[in-house]
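Per-entry structural report
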Amino acid sequence: MAFFEVTDTLGSTRARGQEYRQQLEQVLAAALPDDIVVVSFKSVEAMTGSFTDEFLGKLLVARAAGLTGRAPVVLTGLIEETAEEVDLCLERRKTVAVWMEPDRTRLLGGDEMLKRTFDAGADRGDFSASDLAPG
């Protein structure tokens, strides 16, 4: 498992988002495919749309294209306000990320159907696709 932390209390500006993205890309390049890279936002109180898009939006689109390593990325330490900013950014970029805390796991980005399916799967733990089908 590898850890990466956003240390700014206010995530703002595209330039700062780019700095964080480039640092995280280095962590991802060094991670093994079966590692999990945990990105912590525990110090962050607020993020602007431009920072979020430059840091996570561009990073996750590049990952979907296979350009930034294969290790899974999990977000943690978000508060409702910062999670909402990430969710909006990822919805616009048509990509997703998993937000995990000790008491919950949520999908950020994606459409409502995907989020409901993710929630149902997370609630069940082990399941097959037919277990989630309406009965």
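Refer to the structure printed above.
Right, let's walk through the structure included here. Keep in mind that what you see is a predicted model, and the values were worked out from it rather than measured.

The rules behind the values
Residues numbered from 1 in each chain as written. Predicted model: local features only at pLDDT ≥ 70, side-chain atom pairs only at ≥ 80, totals over all residues. Heavy atoms only, no water. Phe/Tyr/Trp six-rings, centres within 6.5 Å; stacked < 30°, edge-to-face > 60°. Helix = DSSP H or I, 4+ residues; strand = E, 2+ residues; numbered from the N terminus. Buried < 20%, exposed > 50% of the residue type's maximum accessible area, 1.4 Å probe, protein only. Pairing = 2+ DSSP bridges. Axes fitted to C-alpha atoms, helices over the stretch in contact; angles between N-to-C directions.

**Focus: the packing of aromatic side chains**
- Taken as a whole and assessed by the stated rule, the structure comprises six aromatic pairs.
- On the numbers, 5.9 Å between centres and 80 degrees between planes, the contact of tyrosine 20 with phenylalanine 51 is edge-to-face. Separated by 31 residues along the polypeptide, tyrosine 20 in helix 1 (residues 14-30) and phenylalanine 51 in helix 2 (residues 49-64) bring together distant segments of the chain. Pair check on accessibility: tyrosine 20 and phenylalanine 51 agree, each one buried.
- Centroid distance tyrosine 20 to phenylalanine 55: 5.9 Å. Interplanar angle 55 degrees. Geometry classified as tilted. With tyrosine 20 in helix 1 and phenylalanine 55 in helix 2, this pair connects stretches of sequence that are 35 residues apart.
- The exposure class of tyrosine 20 is buried, given its relative accessible area of 2%.
- A relative accessible area of 0% places phenylalanine 55 in the buried class.
- Taken together, the ring pairs connect Phe4, Tyr20, Phe41, Phe51 and Phe55 into an aromatic cluster.

**Some thoughts on the sheet that holds strand 3 (residues 37-40)**
- The strand order across the open sheet built from five strands is 1-3-5-6-7, with neighbouring strands paired in mixed fashion. Strands with a single pairing partner mark the edges of an open sheet, and in this sheet they are strand 1 (2-5) and strand 7 (104-109). Shown here is a sheet whose adjacent strand axes are inclined to one another by a mean of 30 degrees, direction ignored.
- Pairing geometry for strand 5 (residues 73-76) and strand 6 (residues 96-101), over two bridges, is parallel. Across the sheet, the residue bridging to leucine 75 is tryptophan 99, located in strand 6.

In short, the description is geometric, and any link to function would need to be established separately.
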